[in-house]
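Structure assessment
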Amino acid sequence: MAGVLVGGAFLSGFINVVLDKFISGETYNLVVGKKLGPELVRRLRTALLAAEALVADAEQKQFGNQSVRKWLDDLRDAVYKADDLLDRFCIKAATQKQVPTFLPSFLNFENRQIVNEIEEVVRTIEDLERCKESLGLEKISTSSSSWRAPSTSLVRGNMYGREDDQLALIKMLNDNTEHHLSVISIVGIGGVGKTTLAQWVYNNGDLMKEFDLKAWVCISENFDIVETTRNVIKGILGGACSLDDFNSLQHALKEKLSNKKFFIVLDDVWSDDGDKWSYFMTPFQYGKKGSVVLLTTLFANNASFPESNGRATLEEIGRKIVKKCDGLPLAAETLGRLLRTKHDVQEWNKILMSDIWELSVEKSKIIPALLISYFHLPAYLKRCFVYCSLYPKDYTFRRDELIFLWMIDDLLPSPKRGESLEEVGCECFDELTSRLFFTHQLLDGVVDVFVMHDLLHDLAIFLAGNFYCNAEKLCEEEEERIQTRHLRVDLCHCGSKLYNLISKVESLRSLLFIGFPHPNFDIEKTTGEILSKCKYLRSLSFHKVDVLPSSIGTLIHLRHLDLSYCSIKTLPESLCNLHNLQTLKLFGCYELTMLPSGLHNLVSLRHLDIRGTYLEEMPPKMNKLIHLDILSDFLVGKHENNGIRELGGISNLHGSFELKKLENVVDAKEAKSARMKDKKHIECILMEWSSGEEIVSNTQTEREILDSLQPHNGLKELTIKGYRGTIFPDWVGHSSYQNMTNVSLECCKNCCMLPALGQLPSLKALNIEGFDQLKSIGMEFYKNEGGQHSSPIALFPSLERLVFRHMPCWQVWQLPESETFPQLRVLEIVNCPMLERNILSDVFWRIISSLLSDVSKVRKLCINKDRRGQSETMYLDEDTLKIKGCESVIDSVFKAIGIHQLQFPEKQQHKYDLVELQIGKNCGSLTVLPLDAFPNLKNLEIHRSGNLESISMSEPPHASLQHLSICECPEFVSFPAQGLAAPDLTDLEVFRCSKLVALPRGMNTLLPNLQFLNIQDCPKISRFPECGLPPNLKQLTVGRQWRDLLPTGNLDALTHLTIIDDYGCQSMIKSFPEVGSLPHLPSLTTLEICRFYNLETLECNELLRLTSLQQLIIQQCWKLGNMEGEKLPPSLLLLQLTRCAFENFFTCIDESNLLFLTSSAALGWRIWKEKSCLPLCYYFKFKTVLCSENPARRVAAKLCMKGPEEIDESVFFIDSTMKMCIRQLLWPLQLGEHVYTRTLSRSIYTIFLE
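Residues numbered from 1 in each chain as written. Predicted model: local features only at pLDDT ≥ 70, side-chain atom pairs only at ≥ 80, totals over all residues. Heavy atoms only, no water.

Some words on the nonpolar core
Core analysis: the largest hydrophobic core is formed by 197 residues, its most contacted members being Phe804, Trp813 and Leu1013. Ignoring sequence-local partners within four residues, the contact set of Leu1013 consists of Leu988, Leu999, Met1003, Phe1024, Leu1029, Leu1033, Gln1035, Leu1036 and Thr1037. With 75 residues, the next largest nonpolar core counts Val41, Ala58, Phe385 and Val424 among its residues. (Core = buried A, V, L, I, M, F, W, Y, C linked by side-chain atoms within 4.5 Å. Buried < 20%, exposed > 50% of the residue type's maximum accessible area, 1.4 Å probe, protein only. Contact = heavy atoms within 4.5 Å.)

Dropping the structure here:
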């Protein structure tokens, strides 16, 4: 598999890291060269370089050649060992330099041992290099030189088969006579005849007689702008040109071309440097109309030239590449991302003709197209990508978390001047995302996470080999994992044999524990033993450990320690011996109250995360941690060595920062020593005074302290909590904070005035709560008194969300006359009981009126009254307006949009353009709703409207209405007298309307498209309309009156019937279905019965009448435990029982006949007849058990068939007509005799039949 490895070999990058770090850098002079000896260093460097020359070839040949793959693994293992040993040697040497030893270095046993091990590694690498001939490995050139002879204008022989191209060229020349200068490109791969076609044109007398002069210039790969200009002049003159400088050459060429119609051929153009071509082409603009420059090139697109017929060539190649992707969208899309940056036809053809396409997908599970995309990555991105194999499929990556680990393992390239390593990591992550190796998602609609496609994950695992292991079944692979360097262990799946494996992989670099351990697994003991064995660990992560052993201090290589969510109460002082530690994560360690006093000795520390801990104060001398890049919190202490002064020396903080216990700051001078304004990279900051000490002797001092803590004006988010002053300093809200998007002011109980926030140009979210003394919001809130009052800029120009909460004394809110809140979308006022209703109504009216200059923009209106009177909310999203509040606020909203108190006169003249209207929660003024007022209404929902009596229609039909829901309206008595004429209505719901006596008349003709009908808890409705039900009705849900209703309707087309016995515990039904209670239902496929609380027996014989029944779903029938009759309907495929006493059903069901799904009411496992049964037990109609295609969910889908046997995880879907979606509150896992549950989500298991 010959050819250039475009991005560089994966292992080559690692070798270069080792060379740069230890042998080529300053480390050589300081430590390595002296301690190891120059000869050993020379041999190591020579061996690494010799092997590095072969890895590009080996990386491609490893596919299908196990010997080459093993050679690569052995070399990789040796390079890891060399890196570990050199790292250890340097650390030891540095330690000895700080603490001098009295023994000569040659007597130091450990150093001597390291030297011997390095010598062994050198011999191993040398032996591997000698294997190159037997394995057929050779050095692949990463650059090419041209061996082609320059072209001339002379034609060699005749040209055949290019008639179409010749005609196309002639047409282009003829069509371009009116253009001042035309540039025509002939694009194609090498050898297709570009030059020959150009020669034909150049030597065609009939075409050339139209031109005054012509010239032929061969450019080739090395485009020298001066030499090329000289060659054009030579071509025109037919002789020499003695000019040398570029200026003289350009003027000479301009003179030759001026007022001449010329034809210039530039053959074999390789350069796509737009700047060079722009300068080169300048003289050509002085020719006559119809002048032509003809190019032959490999590039389809060039910044200097117009598009040409070469695009068709690329399109043809692209179609062939897509065909090779074998219908896989991901493969096509990733290759598309790669090819869009390549304009060279040869590059496209290299991908098309690559041997990788011949890779067997069946054997390797690797998609060739994805492998090609991988090979085009730079070496450092390859390593970053492969690292992701450490995580399971569907893992949601957090960008910062992954970048930290890349940094720890030296996977990132060196930063450029002025750039941090974190910024380099972000660039690498973004590059992988742009190439679709990661896909961006939003978790809960807020948190940015990234996922990797399953097929890309398979590729990463394949490339990682044994060096990266995401272990779920470690004990099965012990013998194969001795080369493992990175191990991620889910303790749920690993028993006591875990230690046996780890003891064999002593060279582990990363050990990441997740999950809760097996009860037989002694995590504390194992932790101690692991720490003593794995001396080269760089990354260590625990999420379930109570005590961190003091032996942690022996892991001198450790750079990343994650103890998040551990129950540790203290950290050993030996932790402070880890001088290479860069990351310490203690997030969620709720029992941790103090940090080691020697923490300042962690001189390499870059990230310290103590969120969610209960620390009382910071350890002393924090200012020595000058490399800190991320510090989540700083708790100001009362002593000089842990006070706020310690922040002064930590100037490089990035991201979010929380400054707490500010009550311990004595005065403004001390506050200023923190130098908060100098910390230019902080984006979000919280400043917090602890609660309980709001009464202070001098509020002016408090103001001066906050003034001295002013952050830099590039800040994006500001939170001030518990501030004890009465007014804020001027910097809070100053317009110089151009990037400020979020401000939150909380629990400032002494404040009587808000800061001037109205001139923050980028402010989008403002939260104000807990201002106990605030009585009025006046003009000071909008802009500073010293500002320009006449400024035409709107106040709060970008604000989208404004929230006021828990302000017991707030009475007055003034709005300025000028434009205010032009972008407001959310307004919340919660628990502000003294705010005057008329003021509140006026504010809502003014804000909504200004936002809705065009009332017709509101297409969806949702109105809810707050019965408690504690919450007023406005939510505006494009065409949707939602209001919740008191009656006066609701009235003001109606006024703003042109509706008056939801009261409509009988002859309504005004029409509203709403498409959705939701009215709920005691909007008492509504009695009659005329549908004619809303001609475009599609969705109407009226819930809990206590006085609604009817819906009227005087101009039938209503052509737009599709969904109608009337729920909990106790006074509702009637639909339109002449019937509800809504031909497009598909859904009708009537729920708890106690006075309603009948459904709309004429349903069978007036509602021809009704498909879903829901009638519950309407006790006065005793029968369906005499005319019958609509002909297209598919789904019917009925409540307690089902026995009266069902026999009265024509239900031949009904496919889905749900019966809910809303009598509850008073229900008298003990057997279902009773004889004759179900009408003829020939099309029914799904029957659901719910809340028959006293139901004891299911009558199978009556169900046999349902000849099309496929799904029977029974829910919340607590006493149901018996089945009467011989069998269930033979057509039944699914029987699901939820919260039923279902045990006796096992003796009645032929499990070969249907799929049986049960769910117990209790959380956990249900033990019955000595069988461990999942809360959901499955019986399938098919002989083969179906299991989730997603391996991450596969364990959760283990099934029990009549006994506790587990179905093999390798079983996949066999029958394509069935899909399983596995989601449940409990994720059950069987581990020997023990059973565990793990929280996932709040959904239940669902089976979908297609």
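Remarks on the pairing of strand β9 (residues 510-514)
β9 sits mainly inside the fold: five of its five residues count as buried. The alternating pattern of β9 places Ser510, Leu512 and Ile514 and Leu511 and Phe513 on opposite faces, both of which are buried. Strand direction decides the pairing type here: strand β8 (residues 486-490) and β9, joined by five bridges, are parallel. Across the sheet, residue His486 finds its bridge partner in β9, namely Ser510. Where β9 meets strand β10 (residues 539-541), three bridges bridge the pair, whose relative direction is parallel. Of the residues in β10, the one forming a bridge with Ser510 is Ser539. (Helix = DSSP H or I, 4+ residues; strand = E, 2+ residues; numbered from the N terminus. Pairing = 2+ DSSP bridges.)

Some thoughts on the sheet that holds strand β37 (residues 1071-1072)
Ordered in space as β37-β39-β41, the three strands form an open sheet in which the pairing is parallel. Bordering the open sheet on either side are β37 and β41 (1122-1124), each of which pairs with just one other strand. Note that strand β39 (residues 1097-1099) and β41 share three bridges and pair parallel. Pairing of Glu1099 across the sheet is with Glu1124, part of β41.

Section: the confidence of the model for the chain
The pLDDT averaged across the chain works out to 76; a share of 73% of its residues lies at or above 70. Scored below 50 in pLDDT, residues 1-8 makes 29 contacts in the model with residues more than four places away or belonging to other chains. In this model residues 1146-1250 is a low-confidence stretch, pLDDT under 50, and it forms 227 contacts with partners more than four residues away in sequence or in other chains. (pLDDT = per-residue confidence, 0-100.)

Here we look at the pairing of strand β3 (residues 262-269)
Most of β3 is tucked away: eight of the eight residues are buried. Taken together, the five bridges between β3 and strand β4 (residues 291-297) define a ladder with parallel strand orientation. Pairing of Phe263 across the sheet is with Val292, part of β4.

Considering the side chain of Gln199
Tracing the chain through its elements places Gln199 in helix α8 (residues 194-202). A relative accessible area of 8% means that Gln199 is categorised as buried. Not counting residues up to four positions away in its chain, the partners in contact with Gln199 are Thr152, Ser153, Leu154, Val155 and Trp216.

Section: the pattern of salt bridges
Tallying each qualifying case throughout the model produces 37 salt bridges. Arg230 is the salt-bridge partner of Glu227, the closest N and O atoms lying 2.6 Å from each other. Here the residue Glu227 and the residue Arg230 both occupy positions in helix α10 (residues 225-237), the gap between them amounting to three residues, near one helical turn. For Arg230, a relative accessible area of 11% gives the class buried. Residues joined by salt bridges that share partners form a network here, namely Asp83, Asp84, Asp87, Asp409, Asp410, Arg509, Arg538 and Arg559. (Salt bridge = Lys/Arg side-chain N within 4 Å of Asp/Glu carboxyl O.)

A look at helix α21 (residues 454-464)
By the criterion of burial, α21 is predominantly enclosed, with nine of the 11 residues buried. Restricting attention to buried positions, one finds in α21 the residues Leu455, Leu456, His457, Asp458, Leu459, Ala460, Phe462, Leu463 and Ala464. At the C-terminal side of α21, Gly465 shows a positive phi close to 60 degrees.

Topic: the sheet that holds β8
In space, the eight strands of this open sheet follow the order β7-β8-β9-β10-β11-β12-β13-β14, with parallel pairing throughout. Sheet topology places β7 (468-471) and β14 (630-631) at the edges, where each strand pairs with a single neighbour.

Re the packing of helix α7 (residues 163-175) against α8
Between α7 and α8, the shortest axis-to-axis distance is 11 Å and the interhelical angle comes to 50 degrees. Judged by the angle between their axes, α7 and α8 are oblique. The hand of the α7/α8 crossing is right-handed. On α8, the residues that touch Asp165, Gln166, Leu169, Ile170 and Leu173 of α7 are Leu197, Trp200 and Val201. Partitioning the contact of α7 with α8 into residue classes produces six nonpolar, one polar and one charged. (Axes fitted to C-alpha atoms, helices over the stretch in contact; angles between N-to-C directions. Parallel < 35°, antiparallel > 145°, perpendicular 65-115°, else oblique. Left-handed = near helix turned anticlockwise from the far one by under 90°. Nonpolar A, V, L, I, M, F, W, Y, C, P; charged D, E, K, R; others polar.)

A few points about unusual backbone geometry
The residue after Pro956, namely Pro957, is reached through a cis peptide bond having omega -5 degrees. Mapped onto the elements of the fold, Pro957 is located in the loop between β31 (950-952) and β32 (963-967). In the segment running from Phe1072 into Pro1073, the intervening peptide bond is cis, with an omega of -10 degrees. Mapped onto the secondary structure, Pro1073 falls in the loop between β37 and β38 (1086-1090). Despite not being glycine, His806 has its phi angle at roughly 55 degrees, a positive value.

Quick word on the environment of Ile184
Tracing the sequence through the fold places Ile184 in strand β1 (residues 181-187). It is 6.1 Å that separates the C-alpha atoms of Ile184 and Leu295, two residues lying 111 residues apart in sequence.

Quick word on the side chain of Asn767
Relative to the assigned elements, Asn767 resides in strand β20 (residues 765-769). Relative accessible area serves as the criterion here: at 14%, Asn767 is assigned to the buried category. Excluding residues that lie within four positions of it along the chain, Asn767 makes contacts with Val743, Ser744, Leu745, Glu746, Val803 and Arg805.

As for the packing of aromatic side chains
Taken as a whole and assessed by the stated rule, the structure comprises 35 aromatic pairs. Aromatic side chains Phe211 and Phe263 sit 5.3 Å apart centroid to centroid with 50 degrees between the ring planes, which places their arrangement in the tilted category. Taken together, the residues Phe211 in the loop between α9 (205-208) and β2 (213-220) and Phe263 in strand β3 connect sequence positions 52 residues apart. Each member of the pair, Phe211 as well as Phe263, is classed as buried. (Phe/Tyr/Trp six-rings, centres within 6.5 Å; stacked < 30°, edge-to-face > 60°.)

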